[in-house]
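Residue-level listing of the chains:
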Amino acid sequence: MGISCSSIVAAPLTEVFDWFSRPGAFTRLSPPWQPMSLIEEATSLADGRAVLGLPGGLRWVARHDPDDYDPPHRFTDEVAVDGLASMPAGMAVRWRHTHEFEAVDTTHTRVLDHVDTPVPAGLLRSTFDYRYRQLAADLAAHQDAARHGFPRSTIAVTGAGGLVGTALTAFLSTGGHTVIRLVRHAPRHAGERHWDPANPAPDLLDTVDAVVHLAGAPIAGRFTERHKRDIADSRIAPTRVLAELASRAGVSTFISASAIGYYGYDRGDESLTEDSARGDGFLADVVTDWEQAAETATCRVVRVRTGIVQSPGGGTLRLLRPLFALGLGGRIGDGRQWLSWIGIDDLIDVYHRALWDDSLSGAVNAVAPEPVRSSEYTRVLAAVLHRPAALPVPGFGPALLLGGQGARELAAASQRVVPARLNAAGHHFRTPELDAALRHLLGRTVDSAQVGD
């Protein structure tokens, strides 16, 4: 039982081992479809411990074995006794994971994983396929940035605890950058600084090279006057204040989240680029003011107009996945609405490129190259999950949850957005096609890694 598998990545041995040793590695390698969360990350591969949250309030504590630590060739972790003791009888699982690294040549490394556990290999293959894809793509992205002269930097991030912020901060820290999380609570460690959006401390951005501003109240919800006020108030004024502070602090790059809501809720079949005119609606108004607030920064400003982010950890896919898994999914209305989507890791790459590519400024559409109609999205998702999608949602359905305006601007929105500026820059997308993106995120892809029991 258990699994032994390996994959070759295009990076030197020490570079690969160092990647694993940095904060964020566990987050970057954790399959998003698994019901597991990181509570405490190990501070050392030699003798640290990681605490993982499982359904039902259970915790799995894994400790690194100091007797099997041989950098840059090997480290091992295993489930600790206190972790097993927290589980009900019959649920304890033996788990000892040995990570090995071998130099193939000066630019390639073989990564080998051996897991001693009663869990069958068939149940673990998708996890390791995912891990190898993530590792190879992340290392390649950092190498590309280094080739373009991007140095190790100090990057401040707001909204670091959200879906995008969690993935981005883990990606940056595993790449060797120093990440400072701007938080509203009292700082808990040296990597956090207290941020008051209305009145930030004058020294908040001292030593910071770049700012990535992601914070804002959730947009999804019933469009009541209070909800709309929260959406606007959490974005416009805080962005302006932070942008002005970044200018005074001498920050070189200010990157602000934005949204394709700028283009309005229905532009028909018009292909929308960054040069297209703004559209109509509440979200278009908010995004316009939000972007103008970001532009008060006197440094290079990039406004990342984000499409529908795909991740089972949040957003629409998190809501749709259980419905489709039960065979209860279907298109909304006639299904002809355009859906401009992007996989979570491709979105992280867009933010990363905005940091290192000095030719990018102003609006950048963060969407996959090929938008799809709603009917096509539901067909692909159902096929990936091997379920039918025969229950269309009537038009009045979303209105019951979101209100008329919310349904019109969210659930029934139609925006055919293309990433013109990224395409012109020759940007590489990890999963430009919807089927491949959903298979990667939902563990439905089997790769060619060497796998054996």
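The preceding data block contains the structure.
So, a few notes on the structure that sits alongside this text. (Residues numbered from 1 in each chain as written. Predicted model: local features only at pLDDT ≥ 70, side-chain atom pairs only at ≥ 80, totals over all residues. Heavy atoms only, no water.)

1. What about the overall build of the protein?
Thought 1: Scanning the protein from terminus to terminus reveals 14 helices and 21 strands.
Thought 2: What you see for the protein is a C-alpha radius of gyration of 22 Å, in line with the 22 Å of a compact globule of 453 residues.
Thought 3: Taken along the three principal axes of its C-alpha coordinates, the protein extends 60 × 55 × 40 Å.
Thought 4: The 453 residues of the protein split such that 53% are buried.
Thought 5: Partitioning the intrachain contacts of the protein with sequence separation of at least 6 by distance along the chain shows that 71% fall at a separation of at least 24.
Thought 6: Roughly 19700 Å² of accessible area belongs to the protein as shown, and the carbon and sulfur atoms make up 54% of that amount.
Thought 7: Looking at charge distribution, the protein has the averaged site of its 44 positive side-chain charges lying 6 Å from that of its 52 negative ones. (Helix = DSSP H or I, 4+ residues; strand = E, 2+ residues; numbered from the N terminus. Rg over C-alpha atoms; globule rule 2.2 N^0.38 Å. Buried < 20%, exposed > 50% of the residue type's maximum accessible area, 1.4 Å probe, protein only. Contact = heavy atoms within 4.5 Å. Areas by Shrake-Rupley, 256 points an atom, 1.4 Å probe, with all protein chains shown as cover. Lys, Arg positive; Asp, Glu negative; His and termini not counted. Charge placed at Lys NZ, Arg CZ, Asp CG, Glu CD.)

2. Remarks on the sheet that holds strand E10 (residues 192-194)
Thought 1: If you trace the 7 strands from one edge of the open sheet to the other, you get E10-E9-E8-E11-E12-E14-E18, paired in parallel fashion. The two strands at the open ends of the sheet, each matched to only one other strand, are E10 and strand E18 (362-366). Within this sheet the neighbouring strands show an average axis-to-axis angle of 25°, counted without direction.
Thought 2: Sheet topology places strand E12 (residues 253-259) next to strand E14 (residues 300-306); 7 bridges connect them, and they run parallel. Bridging from a neighbouring strand, Phe-254 pairs with Val-301 of E14.
Thought 3: Relative to strand E9 (residues 178-183), helix H5 (residues 163-174) is tilted by about 155°, and along the sheet it contacts strand E8 (154-158), E9 and strand E11 (210-213).
Thought 4: Relative to the sheet, helix H10 (residues 344-356) contacts E8, E11, E12, E14 and E18, its axis offset from that of E14 by approximately 165°. (Pairing = 2+ DSSP bridges. Axes fitted to C-alpha atoms, helices over the stretch in contact; angles between N-to-C directions.)

3. Regarding the pattern of salt bridges
Thought 1: Inspection of every chain in the model, using the stated rule, returns 24 salt bridges.
Thought 2: Residue Lys-228 is joined to Glu-225 by a salt bridge in which the shortest nitrogen-to-oxygen separation is 3.2 Å. Of the two residues, Lys-228 and Glu-225 are both situated in helix H6 (residues 225-233); the distance of 3 residues between them amounts to about one turn of the helix.
Thought 3: Using a relative accessible area of 13% as the deciding quantity, one classes Lys-228 as buried.
Thought 4: The class for Glu-225 is exposed, based on a relative accessible area of 55%. (Salt bridge = Lys/Arg side-chain N within 4 Å of Asp/Glu carboxyl O.)

4. A few points about the side chain of Asp-65
Thought 1: Examined against the element boundaries, Asp-65 turns out to sit in the loop between strand E4 (59-64) and strand E5 (74-79).
Thought 2: Exposure remark for Asp-65: the relative accessible area of 15% places this residue in the buried category.
Thought 3: Within the structure, the side chain of Asp-65 is placed 2.9 Å from the backbone nitrogen of Asp-67, a separation counted as a polar contact.
Thought 4: When near neighbours in sequence (up to four residues on either side) are disregarded, Asp-65 contacts Ala-46, Thr-76 and Arg-96. (Polar contact = N/O pair within 3.5 Å; in protein donor to acceptor, adjacent residues only side chain to side chain.)

5. Details of the nonpolar core
Thought 1: Counting 44 residues, the largest nonpolar core has Val-212, Leu-214, Ile-255, Val-304, Leu-347, Tyr-351 and Leu-355 as its most contacted members.
Thought 2: With 8 residues, the top contributor of residues to this core is H10.
Thought 3: Apart from residues lying up to four places away in sequence, Val-212 is in contact with Ile-155, Ala-156, Val-157, Thr-158, Leu-168, Ile-255, Tyr-351 and Leu-355.
Thought 4: The next biggest cluster of nonpolar side chains, apart from the first, holds 28 residues, and it includes Phe-17, Leu-45, Trp-95 and Val-115. (Core = buried A, V, L, I, M, F, W, Y, C linked by side-chain atoms within 4.5 Å.)

6. Considering H6
Thought 1: Those residues of H6 that fall on the buried side of the exposure criterion are His-227, Lys-228, Ile-231 and Ala-232. On an axial view of H6, the arc spanned by its buried residues comes to 135°, and they lie on one face. Set apart from the buried face of H6 by more than 90 degrees, the exposed residues are Glu-225, Arg-226 and Asp-233. (Arc of directions from axis to C-beta.)

7. Thoughts on the packing of helix H1 (residues 13-21) against helix H4 (residues 125-147)
Thought 1: Put simply, H1 and H4 touch, their axes get as near as 12 Å, and they point 110° apart. One finds that H1 runs roughly perpendicular with respect to H4. Residues Glu-15, Val-16, Trp-19 and Phe-20 of H1 pack against Arg-131, Leu-135, Asp-138, Leu-139 and Gln-143 of H4.
Thought 2: Tallied by class, the residues present in the contact of H1 with H4 amount to 5 nonpolar, 1 polar and 3 charged. (Parallel < 35°, antiparallel > 145°, perpendicular 65-115°, else oblique. Nonpolar A, V, L, I, M, F, W, Y, C, P; charged D, E, K, R; others polar.)

8. Overview of a nonpolar patch on the surface
Thought 1: Together, Leu-323, Leu-326, Leu-328 and Leu-391 make up an exposed nonpolar region whose accessible area comes to about 390 Å².
Thought 2: Summarising the element assignment, Leu-323 is placed in helix H9 (residues 315-325). (Patch = residues over 30% accessible without salt bridge, like charges linked within 9 Å, V, L, I, M, F, W, Y side chains within 5 Å.)

That is the geometry; function is a separate question.
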